Amino acid sequence: MEFTAEMIAAFIGGEIVGNKEAKVWSMGKIEEGKEGEISFLSNPKYEKYIYDSGASIVIVNKSFEPERPVRPTMIKVDNAYECFAKLLDLYVANLPRKKGVSKMAAIAEGVQLDEDAYVGEFSVISEGVKLGKKVSIYPQVYIGDNVTIGDDVILYPGVKIYKDCVIGNRVIIHSGTVVGADGFGFAPVGDTYKKIPQVGNVIIEDDVEIGANTCVDRATMGSTIIHKGVKLDNLVQIAHNVTVGDNTVIAAEAGIAGSTHIGKNCMFGGQSATTGHLHIGDRVVIASRGAVMSDIEDNTSWMGAPALPTVRARRAHIIYSKLPEIYKTIADLEKKVEELSKK
Amino acid sequence: MEFTAEMIAAFIGGEIVGNKEAKVWSMGKIEEGKEGEISFLSNPKYEKYIYDSGASIVIVNKSFEPERPVRPTMIKVDNAYECFAKLLDLYVANLPRKKGVSKMAAIAEGVQLDEDAYVGEFSVISEGVKLGKKVSIYPQVYIGDNVTIGDDVILYPGVKIYKDCVIGNRVIIHSGTVVGADGFGFAPVGDTYKKIPQVGNVIIEDDVEIGANTCVDRATMGSTIIHKGVKLDNLVQIAHNVTVGDNTVIAAEAGIAGSTHIGKNCMFGGQSATTGHLHIGDRVVIASRGAVMSDIEDNTSWMGAPALPTVRARRAHIIYSKLPEIYKTIADLEKKVEELSKK
Amino acid sequence: MEFTAEMIAAFIGGEIVGNKEAKVWSMGKIEEGKEGEISFLSNPKYEKYIYDSGASIVIVNKSFEPERPVRPTMIKVDNAYECFAKLLDLYVANLPRKKGVSKMAAIAEGVQLDEDAYVGEFSVISEGVKLGKKVSIYPQVYIGDNVTIGDDVILYPGVKIYKDCVIGNRVIIHSGTVVGADGFGFAPVGDTYKKIPQVGNVIIEDDVEIGANTCVDRATMGSTIIHKGVKLDNLVQIAHNVTVGDNTVIAAEAGIAGSTHIGKNCMFGGQSATTGHLHIGDRVVIASRGAVMSDIEDNTSWMGAPALPTVRARRAHIIYSKLPEIYKTIADLEKKVEELSKK
């Protein structure tokens, strides 16, 4: 797809400054602009890049007044960032979608595929699987027995979903992620351990996105539940019987231990963690590397390991970093008090 | 499979209170009980759920005396939890096992498969591989050259085992786990690094279970060894030349650095770690997020980063959380001593 | 391949002590030596193992003077470690390389494969992919549309590379690693989140090695770049728009958040991390578990969470571990000052 400045200006309602025939077929950052790319200038910090940017077109705010000649064609609009985001959405919406069912996929008898389904090579769709409309199942995906998959789901190459799990509508799961492996449950028997069967499943509700190489374990009994709108990053661990509330966001390498319940609209930073069997409220913020070891109320913010309320954690850390000086101060005090006592 | 209360009561030796014709075909938690499910009540904390539980049958202790009518059929036994666990084992033992060798698997010439083997679609079994009896190799598994696999092993979809590794009997490995990738060994050569060839292997002994997306690297020379009965959770890193002693349990996202030797019956919490070349004794407990940086004796318990003995770590952390107040106390003391000195 | 002591001594220029007909076909560690293995003795700490080592041949320094008879044949050289490394390289260089293109791979029309290419079973090479010379693509690998792969690249089983990514020459990527999954970018819209399209790619330059189950996310726009000579261990997270400078080494389970730029020849320890949008200089060392939360200058060394300069971090931690005693000291001081004040 190739667009001229004129076509884009008409679409986003902007005014062209420069060559209205300038052509673009890709999107880029203003500081790395290449020919054929459209970019935007919103943050004044990046203004210095526009004058000689290699981009062919740059969308700018009406208020932008260049200090010297600008190389790319400009399109002036009320809100450059919003217009660019609109174009980005349009660009992505128009990318060709993979289609068709590969003859090199292994699809169990009886599985219904609608005409818009994409199933890539070497994917396995097992017995009893129910697929929604317009699913995109990339190559090398595994879908176990009796799994249910909603409409418009995208499973990237190599996703593995164990039997009996349920995936909602518009769910996106990236490569290498494993949904429904056995929870880590063992009962001690003398010095050894006996496996506790994990007969539950995983339920992933609508509009969830899960990154790459993440693990969501099946429940011992009942369900591990990722509620609607949740976003999980890469390499996240969600243990058995965890529930994650609507629209909660969990960043990379975080780990939620077994049977912990996380509320709605929480944010967990990278490498953060909780121990098991906790109740975390709604709108809770856990900083990166935060380690939660007790229940947490709604609308609170935590940091550190073990986690403290953020303000306290920040202050404690600042003082921690001064411990060498504080240690000396205390030693000095001891000496002085000793001397005073002698007098 | 469908069972009546009468059949179950006969099997576990219990007494029915309620409808002896009640039928179940699944197992569930009492607080989420659904029709057709059997559940149990052991912890009095959950007693409140039994009265209106949707479960069809609940196993209870003989000592349980309901305060009001109970909706589900009850089966009274001496130990409700044990009886339920017995049923759970029975249930799982009776789940149909996958069987047969897919024509869409790539199996090297000369590889012997016994009649009970299961090999799923798009799995690769390379030259020189030796398979035990009754192996379950799910789809998309890779088994490299000259790998040895014991009896009753289960490899879930997408497991990758590099060449020359040895897997014992009754080992279970979940999806996405990689056994035998190269250890992270590089020798500095000026500003760059030269790869140190990793010519060893990985040995996984009997009765080990490994979670999803875990990595066990091959040894530089010799073997990385996961001894019998070890349980590794998801996303665990086991570096080259590590040995993990019998029945040690390592929770999710933990990392054991190169050449560290871990003793028997240890427990490592989630996201815990050790540096390399350490000797960790037997029956050592490392708390979640603990970071071990020196050798550790048998029968000790550690916490924190760097790890301290648990009792000391707990006390140090409590005081840490009070650092803002302590800092103020010290400042006050300084002032007072200053004043006293002046007098 | 089987070699005699005589052949090896001739190759490395050494002097044989013992049976010049001793045969070896494998390499091992002196403390675990088995028949048919060649080993080396360099570190005097291991001298005790040589006398009864099961190895058939041991390379030793000329300066080594045994205290009693040595069982294996010895080859004396100027530098035992270097000679052994030379043999190791030779051994690995002579291992048979996989060859040929499997008929069970799915290769898009128009993809050019040179005669030295290896493509294993159930791998997918999509439309527009450009492959260099002598690539080794193991089974079950996925290479998305328009990916470029350099010469002598090794992709181990199950590697997934999303569309449009660029892989340089002599790059090695281990099993389960995902290159080019979407960056974790979402814009809040009321209580929910809207996906920000990730239209950039990943560029991996020459001589990079990446371990197993690591994730390198594609850029939102532009490129996530792993510069030449970088070594990433297992289970590492590299977020969108990160750049990692030449020859930087990042150990297992580390995580680099979005848009952070890391300089050349840095070292990141296991489970270390940075927050996003940082600039880390050249030759920076971050200890294991270090958590970097601000920009860092060249040639500095950091430890702890949040990271402090290493010397300060070490001292602060030592004092931290004494906090229980310090707390008591302060309480004692308070009491004494109180008493002094009263007088």
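Described below are features of the structure shown in this document. (Residues numbered from 1 in each chain as written. Chains lettered and ligands numbered in written order. Predicted model: local features only at pLDDT ≥ 70, side-chain atom pairs only at ≥ 80, totals over all residues. Heavy atoms only, no water.)

## Details of the interface of chain C and chain A
Here comes step 1: Counting residues at the interface gives 65 residues for chain C, matched by 57 residues for chain A.
Here comes step 2: Between chain C and chain A lies a buried interface of about 4700 Å² when both sides are counted; carbon and sulfur atoms form 65% of it.
Here comes step 3: When the area that chain C buries against chain A is broken down by residue, the three leading residues are Phe184, Tyr193 and Met221 of chain C, summing to 15%.
Here comes step 4: Taken together, chain C and chain A are joined by four salt bridges.
Here comes step 5: A salt bridge links Lys98 of chain A to Asp145 of chain C; the nearest nitrogen and oxygen atoms lie 2.8 Å apart.
Here comes step 6: Where chain C meets chain A, there are 22 residue pairs in polar contact (both at pLDDT 80 or more). (Contact = heavy atoms within 4.5 Å. Buried area = accessible area lost by both parts, 1.4 Å probe. Salt bridge = Lys/Arg side-chain N within 4 Å of Asp/Glu carboxyl O. Polar contact = N/O pair within 3.5 Å; in protein donor to acceptor, adjacent residues only side chain to side chain.)

## Things to note about the relation of the copies chain B and chain A
Here comes step 1: Laying chain B over chain A is done by rotating through 120° and shifting 0.0 Å along the axis; what remains is an RMSD of 0.1 Å. The superposition operator between the copies reduces to a three-fold rotation axis. (Least-squares fit on C-alpha atoms with pLDDT ≥ 70 in both.)

## A closer look at the interface of chain B and chain A
Here comes step 1: Counting residues at the interface gives 57 residues for chain B and 65 residues for chain A.
Here comes step 2: Summed over the shared surface of chain B and chain A, the result is four salt bridges.
Here comes step 3: At the boundary of chain B and chain A, one finds 22 residue pairs in polar contact (both at pLDDT 80 or more).
Here comes step 4: The set of elements that each furnish at least two residues to the side of chain B that touches chain A consists of helix 2 (80-93), strand 27 (231-232), strand 30 (249-250), helix 3 (310-321) and helix 4 (323-342) of chain B.
Here comes step 5: For the side of chain B that touches chain A, the element with the most residues is helix 4 of chain B, which contributes 11 residues. (Helix = DSSP H or I, 4+ residues; strand = E, 2+ residues; numbered from the N terminus.)

## Quick look at the sheet that holds strand 29 (residues 243-244) of chain C
Residues and elements named next belong to chain C.
Here comes step 1: With parallel pairing, the eight strands of this open sheet are ordered in space as 12-15-18-23-26-29-32-35. In the strand order of this sheet, the two ends are held by strand 12 (130-131) and strand 35 (279-280), each with one partner.
Here comes step 2: Direction of pairing for strand 12 relative to strand 15 (residues 148-149): parallel, over a ladder of two bridges. Within strand 15, the position partnered with Leu131 by the bridge is Ile149. (Pairing = 2+ DSSP bridges.)

## Focus on the pattern of salt bridges
All names here are of chain B.
Here comes step 1: This structure, assessed with the given rule, holds 39 salt bridges over all chains.
Here comes step 2: We note a salt bridge from Arg170 to Asp206, for which the minimum N-O separation is 3.8 Å. In this pair, Arg170 sits in the loop between strand 18 (166-167) and strand 19 (172-173) while Asp206 sits in the loop between strand 23 (201-204) and strand 24 (209-210), placing the two residues 36 residues apart along the sequence.

## Quick word on the sheet that holds strand 7 (residues 73-77) of chain C
Residues and elements named next belong to chain C.
Here comes step 1: Reading across the sheet, the five strands line up as 2-7-6-5-4 and stay open at both edges, with mixed pairing between neighbours. Both edges of this open sheet fall to strand 2 (15-17) and strand 4 (26-27), since each of them pairs with a single strand only.
Here comes step 2: Each of strand 4, strand 5 (37-41), strand 6 (57-61) and strand 7 is contacted by helix 3 (residues 80-93), which is oriented at about 150° to strand 5, the strand it contacts most. (Axes fitted to C-alpha atoms, helices over the stretch in contact; angles between N-to-C directions.)

## Focus on the packing of aromatic side chains
Here comes step 1: Inspection of the entire model under this criterion finds 27 aromatic pairs over all chains.
Here comes step 2: Between Phe184 of chain A and Phe186 of chain A the ring centres are 5.2 Å apart and the planes differ by 80°, which places this aromatic pair in the edge-to-face class.
Here comes step 3: Taken together, the aromatic side chains of Tyr118, Tyr138 and Tyr156 of chain A together with Tyr162 of chain C make up a single cluster linked through ring pairs.
Here comes step 4: Above the ring of Phe11 of chain B, the side-chain terminus of Lys86 of chain B is found at 5.3 Å from the ring centroid. (Phe/Tyr/Trp six-rings, centres within 6.5 Å; stacked < 30°, edge-to-face > 60°. Lys NZ or Arg CZ within 6 Å of the ring centre and 35° of its normal.)

## Description of the side chain of Thr214 of chain C
Here comes step 1: By the secondary structure assignment, Thr214 of chain C is in the loop between strand 24 (209-210) and strand 25 (215-216).
Here comes step 2: When sequence neighbours within four positions are dropped, the list of residues in contact with Thr214 of chain C reads Asn213 of chain A together with Gly176, Thr177, Val178, Leu232, Asp233, Asn234, Leu235 and Val236 of chain C.

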